[in-house]
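Spelled out, the chains give:
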Amino acid sequence: MSARSVVLAYHAVGPIPRSQLRNTFVPLDVFERQMDFLARRRSVVSLDELVRAPAAGGTVRVAITFDDAYRSTLTRALPVLERHRFPATVFAPTAWLGDRNRWDAAREDLELELMSDSEIVECSQRGFEVGSHGHRHVDLSRASEEEVREDLRASVERISALLGRSPRYLAYPYGRASELARKAAADAGFEEAFALEWQDEPFARSRVPIFPHDRGWRFAFKVSGRYAGLRRSRPVAAGYARLIRPLRRALSSA
Ligand SMILES: [Zn+2]
């Protein structure tokens, strides 16, 4: 994707817990300041606009996304986004709606509630895009072809049943895609699919994950459009690997 375009990946919004999941949280006041910054300095657009219309120079375009459909996205983040009239996309792991983040038994030190079916419908009615985060939140880069296709089929079916239309976008659980998964995503009818910052190719577009410590200049840099490209450059990637490993571990449960 163009260096003038950035897709942000959030998870939960709220007080940072004592948990392995801590790096997937952004406190509400930090989130509010980040949105204020975007309102002043960036152009916030929908994923649709970012995917379909080429960047035309000028202000960096930012699209906002949330993985896992945690209830805090609806109760804490959406009111802030609505105040700014910012579009956003929620990626739901459809098998777990109305349940908790029980997909990774090894990381059950913090159970978080996901939105219910009706709350997902409410998100959509309030103008937010609902995308797929797979069905059972399995690592689609490692699953068998049959598993990947079945998981995507189930997720598309569930969202179509809830909203009356199929999801246009997919975010891979754990931010990882394989060639097989990318092909399956295209075959399942998605228009585009999103990974995280270490990948950027068709049907595995780069997103920039936002962590609790991304305040001030760190956030400004991450939404500068230069960050993701720099992260993928070889010398930086090697040095950064040591830094990013614990963050990736935290994200692997998210
Ligand atoms: Zn996830």
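Now for a description of the structure that goes with this document. (Residues numbered from 1 in each chain as written. Predicted model: local features only at pLDDT ≥ 70, side-chain atom pairs only at ≥ 80, totals over all residues. Heavy atoms only, no water.)

### Quick look at the packing of helix 1 (residues 28-41) against helix 3 (residues 71-84)
Phase 1: Contact pair helix 1 / helix 3: the axes reach a minimum separation of 10 Å and the direction vectors enclose 25°. Taken together, the axes of helix 1 and helix 3 are roughly parallel relative to one another. The crossing of helix 1 and helix 3 is right-handed. Contact residues: Leu28, Phe31, Glu32, Met35, Asp36 and Ala39 in helix 1; Arg76, Ala77, Val80, Leu81, Arg83 and His84 in helix 3.
Phase 2: Looking at side-chain class alone, the contact of helix 1 with helix 3 contains 7 nonpolar, 1 polar and 4 charged residues. (Axes fitted to C-alpha atoms, helices over the stretch in contact; angles between N-to-C directions. Helix = DSSP H or I, 4+ residues; strand = E, 2+ residues; numbered from the N terminus. Parallel < 35°, antiparallel > 145°, perpendicular 65-115°, else oblique. Left-handed = near helix turned anticlockwise from the far one by under 90°. Contact = heavy atoms within 4.5 Å. Nonpolar A, V, L, I, M, F, W, Y, C, P; charged D, E, K, R; others polar.)

### Description of the nonpolar core
Phase 1: Leu8, Tyr10, Phe31, Leu38, Ile64 and Leu81 are the most contacted members of the largest nonpolar core, which totals 38 residues.
Phase 2: Residue assignment for this core shows that the elements contributing at least two residues are strand 1 (5-10), helix 1, strand 5 (61-67), helix 3, strand 6 (89-92), helix 4 (117-125) and helix 5 (145-163).
Phase 3: Leu140, Phe190, Phe203 and Ala204 belong to the second largest nonpolar core, which has 16 residues in total. (Core = buried A, V, L, I, M, F, W, Y, C linked by side-chain atoms within 4.5 Å. Buried < 20%, exposed > 50% of the residue type's maximum accessible area, 1.4 Å probe, protein only.)

### Points about the side chain of Glu129
Phase 1: Assignment of secondary structure puts Glu129 in strand 7 (residues 129-132).
Phase 2: With a relative accessible area of 11%, Glu129 lands in the buried category.
Phase 3: Ignoring sequence-local partners within four residues, the contact set of Glu129 consists of Asp48, Ala88, Thr89, Val90, Arg165, Arg168 and Tyr169.

### Some words on unusual backbone geometry
Phase 1: The residue Ala69 is not glycine, and still its phi comes out positive at about 55°.
Phase 2: Along the polypeptide, Ala69 turns up in the loop between strand 5 and helix 3.
Phase 3: Looking at Ala69, the relative accessible area reads 0%, which means it is buried.
Phase 4: Positive phi, normally seen in glycine, also occurs at Arg85, with a value near 55°.
Phase 5: Within the secondary structure layout, Arg85 lies in the loop between helix 3 and strand 6.

### Structural notes on the environment of Glu111
Phase 1: With respect to the helices and strands, Glu111 occurs in the loop between strand 6 and helix 4.
Phase 2: C-alpha of Glu111 to C-alpha of Arg100: the two residues are 11 residues apart in sequence and 6.0 Å apart in space.
Phase 3: Contacts of Glu111, omitting those with residues within four sequence positions, involve Arg100, Asn101 and Arg102.

### As for helix 1
Phase 1: Helix length check: helix 1 (14 residues) gives 20 Å between terminal C-alpha atoms against 20 Å at 1.5 Å per residue, within 8%.
Phase 2: Residues of helix 1 that are buried include every one of Val30, Phe31, Gln34, Met35, Phe37 and Leu38, and no others. Buried residues of helix 1 fall within an arc of 155° about the axis and therefore sit on the same side. (Expected span 1.5 Å × (residues − 1). Arc of directions from axis to C-beta.)

Purely geometric numbers; function is a separate question.
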